[in-house]
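Understanding the architecture of this molecule
Here are the chains, one letter per residue:
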Amino acid sequence: MSIVVNLDVMLAKRKVSSQELAEKIGITQANLSILKTNKGKAIRFSTLDAICKALNCTPGDILEYRED
């Protein structure tokens, strides 16, 4: 089971830079980079909520389940 974070796709669709999003949601660029590169082990619902609000999307636009 794999959960894939499609944050880079949504950033490109919304034409928002990583730096811009990090500033809007109040996290460091390093932490955002961890999410973007699928290296994170977890994400707080409050962070996911902030990302969705900033990018005007749903959690399903950001997170995807893929069979291994």
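Definitions and limits used
Residues numbered from 1 in each chain as written. Predicted model: local features only at pLDDT ≥ 70, side-chain atom pairs only at ≥ 80, totals over all residues. Heavy atoms only, no water. Salt bridge = Lys/Arg side-chain N within 4 Å of Asp/Glu carboxyl O. Helix = DSSP H or I, 4+ residues; strand = E, 2+ residues; numbered from the N terminus. Buried < 20%, exposed > 50% of the residue type's maximum accessible area, 1.4 Å probe, protein only. Contact = heavy atoms within 4.5 Å.

Below, the discussion takes up the pattern of salt bridges. As a working rule, side chains carrying opposite charge can pair if their charged atoms are close by. According to the stated counting rule, one finds two salt bridges in the structure shown. The residue K53 makes a salt bridge to D49 at a minimum N-O spacing of 3.2 Å. Of this pair, K53 and D49 are both found in helix α4 (residues 45-55), four residues apart, which corresponds to roughly one turn of the helix. Judged by its relative accessible area of 39%, D49 falls in the partly exposed class.

Here we take up the side chain of T47. Looking at the secondary structure, you find T47 in helix α4. T47 sits in the buried class, given a relative accessible area of 16%. T47 has contacts with I27 and L35, leaving out every residue within four places of it along the chain.

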